Amino acid sequence: MKAVKFGGTSMSTAESISAVVRIIKNDPERRYIVVSAPGKAAGEDKITDMLVGVFKAAATERIRAFDAVRTRFDGICRGLNLPAGFLDGDYRNIVAALPTADYDYIVSRGEYLCAKLLAELLHFDFTDAADVIKFRGKTYDDGYTDSVCRIGLSAHKSAVIPGFYGSNEKNEVVAFSRGGSDISGAIVARAVNASVYENFTDVDGFMTCDPRIVPHATTIDVITYKELRELAYMGANVLHPESIFPVRKANIPIHILNTFNDKAVGTKIVPTEDFLNGKYERARKMPITAITGKKNFFSLYIDKSMMNAEVGFVRRVLSCFEQFGIAIEHVPSGIDSMTVVFSAVDEQTSNALLKAVRDEVKPDHMHLTKDVALIAIVGHGMVARPGTAARAINRLSNAGINLRMIDQGASEINIILGVSDTDFERALVALNGEFEV
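Residues numbered from 1 in each chain as written. Predicted model: local features only at pLDDT ≥ 70, side-chain atom pairs only at ≥ 80, totals over all residues. Heavy atoms only, no water.

### Some words on the side chain of Ser 184
Mapped onto the secondary structure, Ser 184 falls in helix 9 (residues 181-191). At 2.9 Å, the side chain of Ser 184 forms a polar contact with the backbone nitrogen of Phe 164. (Helix = DSSP H or I, 4+ residues; strand = E, 2+ residues; numbered from the N terminus. Polar contact = N/O pair within 3.5 Å; in protein donor to acceptor, adjacent residues only side chain to side chain.)

### Focus: helix 9
Taken across its eleven residues, helix 9 has eleven buried, putting it largely inside the fold. Those residues of helix 9 lying buried are Ser 181, Asp 182, Ile 183, Ser 184, Gly 185, Ala 186, Ile 187, Val 188, Ala 189, Arg 190 and Ala 191. Looking one or two residues beyond helix 9, the residue adopting positive phi is Asn 193, at roughly 55 degrees. (Buried < 20%, exposed > 50% of the residue type's maximum accessible area, 1.4 Å probe, protein only.)

### Points about the environment of His 123
Of note, His 123 is situated in the loop between helix 6 (109-122) and strand 3 (125-126). Under the relative-accessibility criterion, His 123 is labelled exposed at 69%. Between the alpha carbons of His 123 and Gly 137 there is a distance of 34 Å; along the sequence they are 14 residues apart.

### Concerning the sheet that holds strand 2 (residues 30-35)
Within the open sheet, the eight strands sit side by side as 3-6-2-1-9-11-12-10. Their pairing is mixed. The open sheet terminates on both sides in strands that have one partner only, identified here as strand 3 and strand 10 (222-224). Bridge count for strand 9 (residues 196-201) against strand 11 (residues 254-258) is five bridges, and the pairing is parallel. Of the residues in strand 11, the one forming a bridge with Glu 198 is His 255. Sheet strands in contact with helix 10 (residues 225-233) are strand 10, strand 11 and strand 12 (267-270), and its direction is about 85 degrees off that of strand 10. (Pairing = 2+ DSSP bridges. Contact = heavy atoms within 4.5 Å. Axes fitted to C-alpha atoms, helices over the stretch in contact; angles between N-to-C directions.)

### Quick look at the packing of helix 3 (residues 62-79) against helix 6
One can describe the packing of helix 3 onto helix 6 by two numbers: an axis separation of 11 Å at closest approach and a directional angle of 15 degrees. Between helix 3 and helix 6, the angle is such that the two are roughly parallel. The hand of the helix 3/helix 6 crossing is right-handed. Across from Phe 73, Ile 76 and Cys 77 in helix 3, the residues of helix 6 making contact are Gly 110, Leu 113, Cys 114 and Leu 117. Broken down by class, the residue content of the contact of helix 3 with helix 6 amounts to six nonpolar, one polar and no charged. (Parallel < 35°, antiparallel > 145°, perpendicular 65-115°, else oblique. Left-handed = near helix turned anticlockwise from the far one by under 90°. Nonpolar A, V, L, I, M, F, W, Y, C, P; charged D, E, K, R; others polar.)

### Points about the environment of Ile 252
Turning to its location among the elements, Ile 252 is positioned in the loop between helix 11 (244-249) and strand 11. A relative accessible area of 2% means that Ile 252 is categorised as buried. For the pair Ile 252 and Val 419, spaced 167 residues apart in sequence, the C-alpha to C-alpha distance is 37 Å.

### Describing the packing of aromatic side chains
Counted according to the given criterion, the structure contains nine aromatic pairs. Arranged with centres 4.9 Å apart and planes meeting at 20 degrees, the rings of Phe 6 and Phe 200 form a pair that is stacked. Separated by 194 residues along the polypeptide, Phe 6 in strand 1 (residues 2-6) and Phe 200 in strand 9 bring together distant segments of the chain. Take Phe 6: its relative accessible area is 0%, and that puts it in the buried class. Here Phe 200 falls in the buried class, since its relative accessible area comes to 4%. Taken together, a centroid distance of 6.2 Å and an interplanar angle of 75 degrees make the contact between Phe 66 and Tyr 91 edge-to-face. Of the two residues, Phe 66 is situated in helix 3 and Tyr 91 in helix 4 (residues 88-97); the sequence distance between them amounts to 25 residues. Taking the relative accessible area as the measure of exposure, Tyr 91 reaches 0% and is therefore buried. A connected cluster of aromatic rings, assembled from ring pairs, spans Phe 135, Tyr 140 and Phe 176. (Phe/Tyr/Trp six-rings, centres within 6.5 Å; stacked < 30°, edge-to-face > 60°.)

### What to know about unusual backbone geometry
Residue Asn 171 is not a glycine yet carries a positive backbone phi of 60 degrees. Within the secondary structure, Asn 171 is located in the loop between strand 7 (165-167) and strand 8 (173-175). Assessed through its relative accessible area of 65%, Asn 171 is described here as exposed.

### Some details on the pattern of salt bridges
Enumeration according to the criterion identifies 22 salt bridges in this entry. Across the salt bridge formed by Asp 49 and Arg 178, the nearest N and O atoms sit 3.0 Å from each other. A residue pair is termed long-range when its members are at least 10 positions apart, and Asp 49 in helix 2 (residues 47-56) and Arg 178 in the loop between strand 8 and helix 9 qualify at 129 residues. In this structure, a network of salt bridges that share partners links the residues Asp 142, Asp 146, Arg 150, Arg 190 and Lys 249. (Salt bridge = Lys/Arg side-chain N within 4 Å of Asp/Glu carboxyl O.)

### A few points about the environment of Arg 78
If you trace the backbone, Arg 78 turns up in helix 3. Using a relative accessible area of 59% as the deciding quantity, one classes Arg 78 as exposed. As for Arg 78 and Ala 14, which are separated by 64 residues in sequence, their C-alpha atoms are 8.2 Å apart.

### Observations regarding the sheet that holds strand 13 (residues 290-303)
With antiparallel pairing, six strands are arranged side by side in an open sheet as 14-15-13-16-18-17. Because the sheet does not close on itself, it has two edges, and the strands there are strand 14 (328-330) and strand 17 (405-408). In this sheet, neighbouring strand axes are inclined to one another by 40 degrees on average, regardless of whether the strands run parallel or antiparallel. Sheet topology note: the strand 14/strand 15 (residues 337-343) ladder contains two bridges and is antiparallel. Note on strand 15: the bridge partner recorded for Ile 328 is Phe 342. Packed onto the sheet, helix 15 (residues 388-398) meets strand 16 (365-378), strand 17 and strand 18 (414-420) and runs at close to 15 degrees relative to strand 18.

### Considerations on the packing of helix 3 against helix 4
Where helix 3 meets helix 4, the closest approach of the two axes is 11 Å, and the angle between their N-to-C directions is 160 degrees. In terms of orientation, helix 3 and helix 4 fall into the roughly antiparallel class. Two packed elements cross with a definite hand, and for helix 3 against helix 4 that hand is right-handed. Judged by residue contacts, Ile 63, Phe 66, Arg 70, Phe 73 and Asp 74 of helix 3 engage Tyr 91, Ile 94 and Val 95 from helix 4.

Have a look at this one:
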């Protein structure tokens, strides 16, 4: 049995939804389907963006603003030959709630309506996500959801479930962050004990590098949960990074597939332990799985004699970042120095941060660099291949690229390199040339 999620591009038009119906009907194991709201179409915004506009409208104007959403769905229904007025009852309920409805309720109605029409097309049961995905206040309640979802879906041989939202103890609709339908699909996959969680989108899978920068980048056939977390953290946005947690607990693999390319084999995301134990044979034998990265980081270099003997020094530095709500990316350090890498902030915040650090630890020297790009070299194979970091450093040196930072974790699954923003693209090309990922 398979749990399947279709993204917004897959659900954007009557034609794409017809393709979704064919995909589901081609495999009787595809029985539990999670959908996003329709994405962009020709001349049309994403439904969720349109609903954000409905929320932002004055209470007296929300119903008028919702007319554009209704028009978009009515057009999809006509293209699918669904009965006229099929969604009218749902429209009435939504319109009645609009004047006082909160953000989460309004922006989640795209998934709700999309699941309704797909269930009708497939003759599957419709199961409202509010009934099976639970929050405590605004916080997702994983344990309670697992029980409720298992029981709720066991009553349905096949079902379509809206993604992106659930409900709390007050029966209020609560939404995940944008892209949260991936999480919903993973929750459903675990609840029904699926053999695989298939996630259909508009790309062939995870790539070895950004193909806009490295044209010869290829699709990764197999990747582990751990590798995915590293790549997602560094900007590979094919899948919501939090979506792996429900299925990882149940050792359910994820399969990324392309709704619009049935010849693509996609990317399988598999339990790390199974991969390391030889259950999956990766086609490539290279130590590197992928190379990715992001721009727009700052790095704060702090130097102080006898820093290593000053108990609590690092904690006190990091407490200054916490004071300003700044998340830390990396903290490479030496005996008398440390560097803190963090996402770029405005000038007022950076100046206040520098003063706080200076007052707190009184460094001998401190320097803020504002144009740092981070590159992640990711792969389990590095453990068995010595010299990967040396090869990367040599390659950048030969390309005339200055290395500003290197940070390699004890797990040896990734190496983080820091270069200037202006060298970012050249560094990706150079590193891919070295490792031929």
